[in-house]
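Coordinates in review
What follows is each chain in one-letter form.
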Amino acid sequence: MTSKVILVVEDDPIVRLTTQKQLSALGYNCVTIATGEEAVAADHSEFGLIFMDIGLPGIDGTHATLLIRERELREGRQRIPIVALTAHSDRSRCAGAGMDDFLQKPALLDDLRGMMTKYMS
Ligand SMILES: [Mg+2]
């Protein structure tokens, strides 16, 4: 298991806490933030994966992802896996914004485990 931390971008405090507990149960530490703006501004080098809500105040999860991808290209950074974690079901919009994968909320522990295996192994 990698020691990298997971970034969870989620504006709902209940979902934030639930996701944090689930990731902790899987052996991962996470940092949670509540806005797309913070997600774009964060130093992604410390994170192994981002779980990104779509419905966020200010810029939404797809817009934040577009800006993160632009920044990676501009700064020559490594491409971080971004997984949508959302009640919305527009997979193609998520993929079009540069997201790697998609989980429907509420995410089951097995769903999260599958993503960690896929992107963090
Ligand atoms: Mg939301």
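Residues numbered from 1 in each chain as written. Predicted model: local features only at pLDDT ≥ 70, side-chain atom pairs only at ≥ 80, totals over all residues.

Remarks on the sheet that holds strand 1 (residues 5-9)
The five strands lie next to each other as 2-1-3-4-5, forming an open sheet whose pairing is parallel. Each having just a single partner strand, strand 2 (30-33) and strand 5 (101-104) make up the two edges of the open sheet. Across the sheet, the mean angle from the axis of one strand to that of its neighbour is 20°, orientation sign disregarded. As judged from the four bridges shared by strand 4 (residues 82-86) and strand 5, these two strands associate in the parallel manner. Note that in strand 5 the partner of T86 across the bridge is Q104. (Pairing = 2+ DSSP bridges. Helix = DSSP H or I, 4+ residues; strand = E, 2+ residues; numbered from the N terminus. Axes fitted to C-alpha atoms, helices over the stretch in contact; angles between N-to-C directions.)

Section: helix 1 (residues 13-25)
Look at helix 1: 18 Å from first C-alpha to last across 13 residues, which is about the 18 Å you get at 1.5 Å a residue. Positive backbone phi, at 95°, marks G27, one or two positions downstream of helix 1. (Expected span 1.5 Å × (residues − 1).)

Some thoughts on the nonpolar core
V9, I50, F51, M52 and V83 are the most contacted members of the largest nonpolar core, which totals 26 residues. For this core, the elements supplying multiple residues, two or more each, are strand 1, strand 3 (47-52), helix 3 (61-75), strand 4 and helix 5 (109-120). (Core = buried A, V, L, I, M, F, W, Y, C linked by C-beta atoms within 7 Å. Buried ≥ 20, exposed ≤ 12 C-beta atoms within 10 Å, placed from the backbone.)

Regarding the environment of T32
Take T32: it is sitting in strand 2. Taking the C-alpha atoms as reference points, T32 and D101, 69 residues apart in sequence, are found 19 Å from one another. If sequence neighbours within four positions are ignored, T32 has contacts with V8, E10, R16 and Q20. (Contact = placed C-beta atoms within 7 Å.)

With respect to helix 3
Between its terminal C-alpha atoms helix 3 stretches 21 Å, which fits the 21 Å expected from 15 residues at 1.5 Å a residue. For helix 3, the full list of buried residues reads G61, T62, A64, T65 and I68. Buried residues along helix 3 cover an arc of 155° about the axis, so they all sit on one side. More than 90 degrees from the buried face of helix 3, the exposed residues found are E70, L73 and R74. Positive phi appears at G76, one or two residues downstream of helix 3, with a value of about 65°. (Arc of directions from axis to C-beta.)

A short note on the environment of R69
Tracing the backbone through its elements, the reader meets R69 in helix 3. The class for R69 is partly exposed, based on 17 C-beta atoms found within 10 Å. Separated by 28 residues in the primary sequence, R69 and A97 have C-alpha atoms spaced 8.5 Å apart.

Overview of the pairing of strand 2
With four bridges joining them, strand 1 and strand 2 adopt parallel strand pairing. The residue of strand 2 that forms the bridge with I6 is C30. This β-α-β element, strand 1 to helix 1 to strand 2, shows right-handed connectivity. (Right-handed = clockwise from strand over helix to strand, strands pointing away.)

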